[in-house]
Structure formats: structure tokens, C-alpha cells
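Read off the chains here:
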Amino acid sequence: MAVSNRVPILSRFLKPLQRGLSVTPAAAGLAAFLRCLCRTKPQMVALVLATLLLQGCGLLFDAVHQIYPVTTNELDRICRRQQVQVGMAVEPFRPFVFPAIWTDEGARVTGFDTELVRAVSDALAIHCGTPVAPVLHLVRFRDLFLLLNEGQLDFFVSAVAAGSPSPARSGFAYSTPYFSQGGIGAIATQPEVIDLIRARLRTASGTTARKQLLEGLTIAVQDSTAAHLYAESNVTTTRLLVCDSLPAAFEHAAAGLSPSIDVIIGAHPVLDFMVKTTRRDWQLLEKNDHTPLRFTQDDYAVVMAEESYALRGFINDVIFQLYESGRLEHMRHRWIDESYAYPRRASTEGLPFDVQKMPAHYAQGTCRAASPH
Amino acid sequence: MIRLVGILFMTLALVSGTASVHAAPPEQLRAEAEETARLLAKLLQAGRLVIEQNQTLIDDLHKGDKGFTPEVFERQMYEVFRQRTGIDLSAPAAKTALVVPPLARTLLPALSDAGKDVVRDAQVVINQRGIGYKNFIPATFGSQAAARFSKRSHVQLKQTAIQPRNPKNEPDEYEASVLHWLSGRPNSDAYVSELTESGRTLRVMMPIYYQRECLACHGEPKGEWDISGYPKEGAREGDLAGAISVKIPLQTE
């Protein structure tokens with residue numbers, strides 16, 4: 001019934017066309033063919049017509065777009081939902097991300113990176129003309145890339161080194177740096193290990209020698225971090241332990257588990273902060289001139305999807321404004337140099353987070369031997 | 001004519017309503033509200049004490065799942081409350097009907113639920129392994145439980161102190177005057193109860209005194225940072241720490 005109804009409608013639509021075409025013999029032939037086709041294969045005629053009409057759709061779309069932008073970018077989407085989905089590592093990267101803590105206002109997370117997230121959210125609110133709430137997702141560091149890839153996050157931030165080359169990092173883009181004294185450093189606790197590295201440093205020279213400093217030692221790194229990527233590609237003659245978090249590495253070492261950890265390599269500012277505050281039994285490895293021993297020089301940046309051009313431009317601008325106004329330096333000073341207790345800062349300026357994502361991730365995890373590559 | 005009678009009736013109703021609000025509440029109503037306020041303060045204190053008793057477990061660095069669930073918390077809180085008031089909140093309502101005033105019969109479970117909700121939300125923090133101090137302490141528990149309860153009921157419950165660490169716990173004029181009065185008096189179980197706002201509101205203040213366990217953060221040396229980053233108060237055991245303040249509007253019509 002539905003099909004038979006289409007024939008008269010289609011015929012009515014084609015009649016003026018057929019009338020126009022019947023002026024010349026060739027056109028009359030085409031009209032006769034169309035009449036015949038209409039009777040026998042009306043669906044095919046409809047398809048041909050639709051295809052012909054669609055040709056103009058692009059032009060029409062462009063014309064409308066000139067007057068009223070139909071397509072939206074990621075900034076528009078953030079404005080519409082008045083929320084920005086932000087990922088952050090559940091594992092502490094002090095002082096960039098401190099452990100989640102309870103406050104008078106509920107569970108909060110604080111640190112250098114949360115202050116940056118707040119600055120970006122505030123700037124988004126001004127841009128959108130409405131409040132934009134940051135919705136923090138505290139997940140495992142390695143899962144941040146996965147969630148961003150799945151489109152569940154607009155961006156994430158957790159002391160991520162922008163320059164780490166790895167196939168695993170393809171498809172992601174980085175903002176301009178907000179912290180430029182990163183890089184990979186190392187800590188150790190056993191005096192004989194520290195002495196051994198000092199002795200090697202005295203005779204070492206050049207990049208290759210730097211890589212050989214750790215030869216024969218057991219190195220611990222946090223899974224999927226820049227240190228992990230560095231160790232995998234550069235430190236091949238050592239035993240590598242991959243830990244779910246830095247606290248897991250410290251616990252492994254403290255418990256005397258086998259193989260015992262000789263050196264932990266990781267983000268230098270994080271290791272530096274830890275040996276000064278909570279892990280005073282560990283020591284930052286230094287060169288002979290007492291400057292920190294670093295394996296790389298990295299900048300920390302905000303991570304986004306590669307195609308988030310508008311958002312990247314926006315965040316770059318926020319970081320630039322923070323830099324120009326001196327606030328970025330102030331942030332660096334108050335989180336890196338000042339003496340403070342983070343629970344108090346969490347109470348006064350910490351950010352709430354999405355609790356639903358947390359339960360499966362609260363364990364600090366363990367360390368395991370890296371699979372040979 | 002009908003409209004005129006209607007307006008007259010409405011005017012009379014308004015006048016009589018206003019008059020009854022300003023009239024002194026019946027003694028029985030006040031007594032019920034006072035007992036309800038006292039029990040609410042005692043229940044919040046019981047919750048705080050349970051957190052304090054479990055502090056070592058909560059701050060255990062090496063343990064992930066602490067097993068300190070909302071249900072465990074509730075059971076322990078009810079036990080402390082029973083020891084301090086003789087009322088068993090876990091018993092069927094009919095059994096406690098004689099000792100729990102009608103007003104408290106809905107408010108006490110509401111406060112208990114607020115406390116359980118706080119413990120439930122804090123699970124993500126409590127169960128972190130590798131993190132010692134989590135700031136889930138009697139004060140932060142109490143602030144949240146009281147705030148959540150106050151949002152859900154017509155009764156205002158609050159922890160306050162002369163110089164509170166949390167600005168939201170800053171005392172109002174009435175609370176400040178009571179706290180100053182209490183600070184000059186010896187430690188006792190007595191509480192302050194008073195009608196305010198021309199008898200429309202009952203205010204009850206239950207003092208909290210520093211115990212030995214509190215002094216790690218609130219004791220000597222004064223001014224030195226405690227673990228949470230606040231300067232220690234230099235308090236001694238038995239000093240007034242603050243009070244639980246309860247504000248109940250009296251419905252007299």
C-alpha cells in the first residue's frame with residue numbers, strides 16, 4: 001500500500017518536468033522513458049532525484065553557516081554543558097597533585113595542577129558568559145590517555161611531560177608548557193648505590209655515559225609515565241620494575257621485597273618534593289657539582305585530543321596570560337618553594353571530584369618486573 | 001458580602017496566627033524541643049567519638065579497604081549513644097517511644113543517615129592505601145554531618161568554637177556569648193538552653209572539651225603547625241574546645 005501510494009505523488013512531481021522535456025524529440029523520448037520508469041521502478045526514480053537534489057545541499061549548508069554557525073567546536077560544547085571534564089591522576093604527583101583528602105566541604109584534591117584547572121575553568125566561564133564547573137575524574141595515570149581517547153575528558157593534567165616520544169602518545173596534543181623545570185631525575189636510599197653512582201659520575205662524560213650510570217641496578221618507574229618510556233628505550237642493561245604508583249615503589253622498597261629497588265626514576269620536581277617532605281630516607285641523586293642529576297629536560301603541559309584545536313588555543317592563551325601576569329611564577333613558588341600543609345590548602349582551595357570513578361582506583365597498586373622488549 | 005466575610009476571616013486568621021507565634025510556647029513543647037536538641041547533640045558527639053576511636057585504622061598507611069563502612073559506623077555510633085543516654089536507637093521504635101520525644105523520632109534517624117552518608121562519601125579517601133593522614137577526623141566529620149542534616153530538616157545543627165579553624169563554624173552573636181560564658185566555667189556535662197527571638201526559637205549549646213587524643217593537633221606548642229597545616233591552639237586536656245549548637249524553631253500554632 002505504501003509503495004503504490006508513491007507513484008501518483010512522484011508522477012505529480014515529475015509532470016512539469018516531463019512537460020518541459022517534451023518540447024524536443026530527444027527530450028520527449030527522455031520524458032517517455034521517465035514516465036515508463038515511474039510506473040515500473042518508482043523507488044529508483046526517487047533515489048536518482050534525491051541524489052540530484054543533494055548536490056545543492058552543500059552550498060545551502062555553507063550559506064546558512066555564513067549567517068549562523070551550525071557546526072560547533074569543543075569550546076562551544078563546554079559552554080553548552082557548563083562543565084569541563086578534566087582528568088587527573090589518582091596517584092599522587094606531589095606537589096602537582098596531592099592525594100585526595102577529606103575536608104569540611106567533603107573530599108577534595110589540591111595541588112599546582114588543580115590551581116591551573118581552576119584558572120582554566122575561570123577563563124572558560126568568562127569566555128562562555130556562564131559558570132563552567134570543572135568535573136574532575138581521578139583515575140589511574142595510565143587510564144588518563146584512554147579516557148581522553150574515548151572522548152570522556154576534555155583535557156587532563158598531572159605533571160605530564162610534553163616531549164616524551166612514544167607510539168602510545170600518538171593522537172594527543174599538548175598545550176604550551178606551564179612548568180618548565182621538569183625532566184627525569186633519580187633517587188636512591190642505599191648508601192652503596194649512591195656511592196656507586198657518584199663514582200660512575202666522576203668518570204662519566206656524554207649522553208651515553210649518562211645512560212650507563214644505572215647499569216646493573218634495579219630501577220623502579222611508574223607505569224606509563226615519561227620515566228617509564230625513557231627507561232624502556234634508554235636503560236636496557238638494568239632490571240626494570242614497573243610500579244602502579246610512586247607510593248607502591250616506596251612500599252616495595254620499605255618491605256624489602258625482591259628484587260630490591262636500587263633507584264627510582266621519575267619526574268624530578270616530584271621526587272625532589274618527596275625527599276624533602278615525606279620520604280626523607282631517600283636522597284636525590286646529584287652530579288659532582290651538586291646540581292641535580294637529570295636524564296631529560298621536560299616541560300609539563302596540558303594534554304588534549306589532537307583535533308581539539310580551539311581548546312588547545314584557548315588553554316595556550318590562559319597559560320600565556322598566567323605567565324604574563326606573573327601568576328604562573330607565583331603558583332610555582334607557592335607550590336614548589338613555600339612550606340605548607342596540603343590538607344589546609346585542600347580545605348580552602350581544593351576541588352571536588354567525581355566520586356563514582358574512584359572506588360576501583362584507590363589502591364596504590366604494586367610493582368612488577370617489566371616484560372622484556 | 002461573601003467576599004467581605006472572606007477577607008474578615010483571612011484577617012482574623014492572620015492576626016490570630018501572628019499572635020500565637022509571639023506567645024510563649026507551652027512548657028511541654030519547649031521540654032520536647034530541648035530534649036530533642038540534647039539528643040541530637042549527643043548523637044553528633046557519639047559520631048565524632050566513633051571517628052576518634054577509629055582514627056588509627058582510618059590513617060593506616062598499609063591497609064587499603066579498612067572495613068569502616070557506613071553500617072559499621074552506625075552500629076558503633078548507636079552503641080556509644082546507648083552508653084551515654086540509655087537509648088538504643090537500633091531497637092524497634094515502639095521500644096524507645098517512651099524515652100524519645102516525638103520530635104526526635106524522625107530527627108535522630110535523619111542525623112544518623114547524614115552521618116552514614118558522610119562516611120559513605122569518605123570511603124574513597126578512607127580506603128586509600130599508601131596515604132596515612134586523610135583529614136577524616138571528628139571535626140571534619142562533624143562539620144559535614146551537621147551541614148547535611150541541617151539541609152534536610154528544619155533544625156540547624158552546627159559545631160562552633162570561639163576561634164574555629166573552619167570559617168563556616170564561626171559563632172553567631174548568641175553562640176559567641178555562650179562560648180565565652182562556658183570558657184570561664186569548669187568542665188561539666190551541663191548544657192545551655194535558652195529561648196530566643198521572642199520565644200520562637202530554642203537554642204541549645206552542648207560544650208565539647210579537649211581530650212588527650214585531641215592535643216596532638218590542638219595542644220602545645222602553641223602556634224606550631226599540626227599535621228593538617230593549622231597552628232596548634234596550645235590547649236590542655238579539659239579546656240573548652242567548642243560546642244555543638246542546636247537551633248530549633250518552635251511551632252506553637
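Residues numbered from 1 in each chain as written. Chains lettered and ligands numbered in written order. Predicted model: local features only at pLDDT ≥ 70, side-chain atom pairs only at ≥ 80, totals over all residues.

Along its length, chain A carries 15 helices and 13 strands. The buried share among the 373 residues of chain A stands at 40%. Long-range contacts, defined here as pairs at least 24 residues apart, represent 75% of the contacts in chain A between residues at least 6 apart. (Helix = DSSP H or I, 4+ residues; strand = E, 2+ residues; numbered from the N terminus. Buried ≥ 20, exposed ≤ 12 C-beta atoms within 10 Å, placed from the backbone. Contact = placed C-beta atoms within 7 Å.)

Time to look at the overall build of chain B. A tally of regular secondary structure across chain B gives 10 helices and 4 strands. Going from the N terminus to the C terminus, chain B shows its helices and strands as α-α-α-α-α-α-α-α-β-α-β-β-α-β. In chain B, of all internal contacts separated by at least 6 residues, the share reaching a separation of at least 24 is 68%.

Packed helix pairs are characterised by how far apart their axes lie and by the angle those axes make with each other. All names here are of chain B. The N-to-C vectors of helix H4 (residues 70-85) and helix H6 (residues 102-121) enclose an angle of 140°; their axes lie 8 Å apart at closest approach. Here H4 lies oblique to H6, going by the angle between them. For the pair H4 and H6, the crossing hand works out as right-handed. Only Ser-112, Gly-115, Lys-116, Val-119 and Arg-120 of H6 make contact with H4, whose side of the interface consists of Pro-70, Phe-73, Glu-74 and Met-77. When grouped by side-chain class, the residues that make up the contact of H4 with H6 number 4 nonpolar, 2 polar and 3 charged. (Axes fitted to C-alpha atoms, helices over the stretch in contact; angles between N-to-C directions. Parallel < 35°, antiparallel > 145°, perpendicular 65-115°, else oblique. Left-handed = near helix turned anticlockwise from the far one by under 90°. Nonpolar A, V, L, I, M, F, W, Y, C, P; charged D, E, K, R; others polar.)

All names here are of chain B. Read from one edge of the open sheet, 4 strands run S1-S4-S3-S2, paired in antiparallel fashion. The two strands at the open ends of the sheet, each matched to only one other strand, are strand S1 (156-160) and strand S2 (192-196). The average undirected angle you get between the axes of adjacent strands in this sheet is 20°. Judged from the 5 bridges that link them, S1 and strand S4 (residues 240-249) form a sheet pairing that is antiparallel. If you follow Lys-158 over to S4, its bridge partner there is Ser-245. (Pairing = 2+ DSSP bridges.)

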